[in-house]
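Chain by chain, the residues run as shown.
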Amino acid sequence: VLCRDERRTCYRRRVTAAANVIWLGSMASLAAGIGTSIGAFGVFFIRNLSNTLRDILLSAAAGIMLAASFFSLLLPAISHGEGQYGSTDIAVLVIIGGLLLGALSLSFMHRFLPHEHFVIGREGPDSAAFSRIWLFIIAITLHNFPEGMAVGVGFAGGDLANGVSLATGIFIQNIPEGLVVSVSLISIGYTRLTAFWIGSLTGLVEPVGGLFGSVAIAMAKPLMPLTLGFAAGAMLFVISNEIVPETHRSGLKEKATFSLLSGFALMMYLDATVG
C-alpha cells in the first residue's frame with residue numbers, strides 16, 4: 001500500500017510540474033508577444049522609417065535572438081542532455097540533430113508557404129492569389145512562431161530564471177519588430193489603426209508557439225535536449241536566412257553588424273543577471 005501511495009504521489013508531482021511548465025511557458029510567451037503590440041503602437045506617431053533606422057532595429061532584434069539561441073537554449077540543452085544521457089558526446093549529437101531539424105522545418109515552410117518580406121520581397125510559391133497583407137502576415141508568423149516556442153521551452157526542467165530572461169529578451173526584441181511591421185503596412189496603403197491591429201495580432205502567434213514548446217517539454221522530458229535544439233535551430237534559420245540578408249541590402253552592413261552585436265550583448269547581460 002505504501003508503494004502504491006508513493007507512486008501516486010510521484011505521479012501527482014510529475015503532473016503538477018508539467019502543468020507548471022505549460023502554464024509558465026504559455027504566459028511568458030504571451031507576455032513576450034505583447035512587445036509586438038507596444039512596438040505597433042508607435043505607428044500612431046511614426047509614419048515612415050528610414051532604411052538606416054529600420055536596419056538598426058531589425059539587426060538589434062536579430063542579435064537578441066542569436067544570443068538567446070546560445071545562452072538560453074543550446075547551453076541549457078547541453079546541461080540537460082548530459083544529465084539525461086550521461087554523456088556529453090551523445091547529448092551534443094542529439095542537440096545537433098534537433099538544431100538541424102528546426103532549421104529544416106523552417107526552411108520547408110519558407111519554401112512552400114507564400115510570403116513577403118520588407119526588403120527582399122515575395123518568396124515561396126506563386127502568390128498571385130494572396131493580397132500583400134496576407135503575405136506580410138504569413139512572413140511575420142514564420143518569424144514569431146519559433147520565438148514563442150523558444151520561450152515555451154525556455155522553462156525546461158522548471159528553470160524559472162532561464163525562462164524569465166529569455167521571455168524578457170524576446171519581449172524587448174518584439175518591440176522594434178512590431179514597429180517595423182506596422183509602418184510597412186502603412187507604406188502599402190493601410191490606415192494607422194488597421195496597421196496597429198494587424199501588427200498587434202501577429203504577436204499572438206507567439207503564445208501559440210509557447211504552448212506548443214512547453215507542452216512538448218512537459219510531455220516528453222527525455223526529448224528536452226532535442227526540443228531545445230529544435231527551437232534554437234528554427235531561430236538561427238530566421239536570423240541567417242531572413243533578417244541578416246534584409247538588413248544588409250541597403251548598404252548599411254557595418255551599422256547593422258554593430259546593432260546586432262548590441263542586441264547580442266543585451267541578451268547576454270539579461271541571461272547572466274535576470275533571475
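Placed above this text is the structure.
Bear in mind the structure is a predicted one, so any value in this text is a computation, not a measurement. (Residues numbered from 1 in each chain as written. Predicted model: local features only at pLDDT ≥ 70, side-chain atom pairs only at ≥ 80, totals over all residues. Heavy atoms only, no water.)

Peer 1: Honestly, the overall build of the protein in this entry has me stumped. Any pointers?
Peer 2: Counting its regular elements, the protein contains nine helices and two strands. For the protein, the residues scored as buried account for 46% of the 275 residues in total. Taking all contacts inside the protein whose residues are at least 6 apart in sequence as the whole, residues at least 24 apart take part in 81%. For the protein, the accessible area works out to roughly 12800 Å², and carbon and sulfur atoms hold 68% of it. (Helix = DSSP H or I, 4+ residues; strand = E, 2+ residues; numbered from the N terminus. Buried < 20%, exposed > 50% of the residue type's maximum accessible area, 1.4 Å probe, protein only. Contact = heavy atoms within 4.5 Å. Areas by Shrake-Rupley, 256 points an atom, 1.4 Å probe, with all protein chains shown as cover.)

Peer 1: Is there a simple way to explain the side chain of E242 in this structure?
Peer 2: Mapped onto the secondary structure, E242 falls in helix α8 (residues 224–247). Polar contacts involving the side chain of E242 include one to the side chain of N241, which spans 2.7 Å. (Polar contact = N/O pair within 3.5 Å; in protein donor to acceptor, adjacent residues only side chain to side chain.)

Peer 1: What exactly am I supposed to notice about helix α3 (residues 88–112) here?
Peer 2: In an α-helix, one turn spans 3.6 residues; hence positions three or four apart end up facing the same way. Compared with an ideal rise of 1.5 Å per residue, which puts 25 residues at 36 Å, α3 spans 36 Å between its outermost C-alpha atoms and is within 8% of the ideal. Those residues of α3 not exposed but buried are A91, I95, G98, G102, L106 and H110. Between the side-chain oxygen of the N-cap and the backbone nitrogen of D89 there are 3.4 Å, and the N-cap of α3 in question is S87. (Expected span 1.5 Å × (residues − 1).)

Peer 1: Sorry if this is basic, but what is going on with the packing of helix α2 (residues 51–85) against helix α5 (residues 160–187) here?
Peer 2: Angle between the axes and distance between the axes are the two parameters that describe a pair of packed helices. At a minimum axis separation of 9 Å, α2 and α5 run at an interaxial angle of 160°. It follows that α2 is roughly antiparallel to α5 by the angle criterion. For the crossing formed where α2 meets α5, the hand is left-handed. Residues R54, L57, L58, A61, I64, M65, A68, F71, S72, L73 and P76 of α2 lie in contact with α5, whose contacting residues are N162, S165, L166, G169, I170, I172, Q173, P176, E177, L179 and V180. (Axes fitted to C-alpha atoms, helices over the stretch in contact; angles between N-to-C directions. Parallel < 35°, antiparallel > 145°, perpendicular 65-115°, else oblique. Left-handed = near helix turned anticlockwise from the far one by under 90°.)

Peer 1: Explain the side chain of S72 here, please?
Peer 2: Looking at the element boundaries, S72 is found in helix α2. Ignoring any residue separated from it by four or fewer positions in sequence, one finds S72 in contact with A67, N162, S165, L166, M267 and D271.

Peer 1: Can you walk me through the nonpolar core in this structure?
Peer 2: Generally speaking, a soluble globular protein has its nonpolar side chains buried in company with each other. Core analysis: the largest hydrophobic core is formed by 50 residues, its most contacted members being L73, V151, V153, L166 and M267. Counting residues per element, the ones that place at least two in this core are α1 (2–41), α2, α3, α4 (132–153), α5, α6 (192–202), α8 and α9 (253–273). The dominant element in this core, judged by the number of residues it contributes, is α8, at 11 residues. Excluding residues within four positions of it along the chain, V151 makes contact with G25, A28, S29, A32, L166, A167 and I170. (Core = buried A, V, L, I, M, F, W, Y, C linked by side-chain atoms within 4.5 Å.)

Peer 1: When you look at α5 in this model, what are you seeing that I'm missing?
Peer 2: Helix length check: α5, at 28 residues, gives a terminal C-alpha distance of 41 Å against a target of 40 Å (1.5 Å per residue), a fit within 8%. Judged by how many residues are buried, α5 sits mostly within the fold: 20 of 28 residues are covered.

Peer 1: Even after reading the chapter, I still don't get a nonpolar patch on the surface, so can you show me in this structure?
Peer 2: On the surface, a cluster of nonpolar side chains totalling about 880 Å² of accessible area is made up of W23, L24, M27, L30, I34, I38, L160, V164, L201 and L204. Sorting the residues of the nonpolar patch by element identifies α1 and α5 as the ones contributing at least two each. For L160, the location among the structural elements is in helix α5. (Patch = residues over 30% accessible without salt bridge, like charges linked within 9 Å, V, L, I, M, F, W, Y side chains within 5 Å. Salt bridge = Lys/Arg side-chain N within 4 Å of Asp/Glu carboxyl O.)

Peer 1: Sorry if this is basic, but what is going on with the packing of aromatic side chains here?
Peer 2: Centre-to-centre distance and the angle between the planes together describe a pair of aromatic rings. Scanning the model with the defined rule gives seven aromatic pairs in all. Considering the side-chain rings of F44 and F196, the 5.4 Å spacing of their centres and the 50° angle between planes classify their relative orientation as tilted. Of this pair, F44 sits in the loop between α1 and α2 while F196 sits in helix α6, placing them 152 residues apart in sequence. By relative accessible area, F196 is classed as buried at 13%. Ring pairs connect the aromatic residues F41, F44, F45, F196 and W197, which therefore count as one cluster. (Phe/Tyr/Trp six-rings, centres within 6.5 Å; stacked < 30°, edge-to-face > 60°.)

Peer 1: How do you make sense of the packing of α3 against α8 when you look at a structure like this?
Peer 2: Running from N to C, α3 and α8 point in directions that differ by 45°, and their axes come no closer than 6 Å. Judged by the inter-axis angle, α3 sits oblique to α8. In this structure, α3 crosses over α8, and the sense of that crossing is right-handed. Every residue of α8 that contacts α3 at V94, I95, G97, G98, L99, L101, G102, A103, S105, L106, S107 and H110 is listed here: P225, L226, G229, F230, A232, G233, A234, L236, F237, V238, N241 and E242. A per-class count over the contact of α3 with α8 returns 14 nonpolar, nine polar and one charged. (Nonpolar A, V, L, I, M, F, W, Y, C, P; charged D, E, K, R; others polar.)

Peer 1: Explain the environment of L261 here, please?
Peer 2: Looking at the secondary structure, you find L261 in helix α9. Along the sequence, L261 and A62 sit 199 residues apart, while their C-alpha atoms lie 9.1 Å from each other.

Peer 1: Where do I start with the environment of L53 in this structure?
Peer 2: Looking at the element boundaries, L53 is found in helix α2. Residue classification places L53 among the partly exposed residues on the basis of a relative accessible area of 37%.

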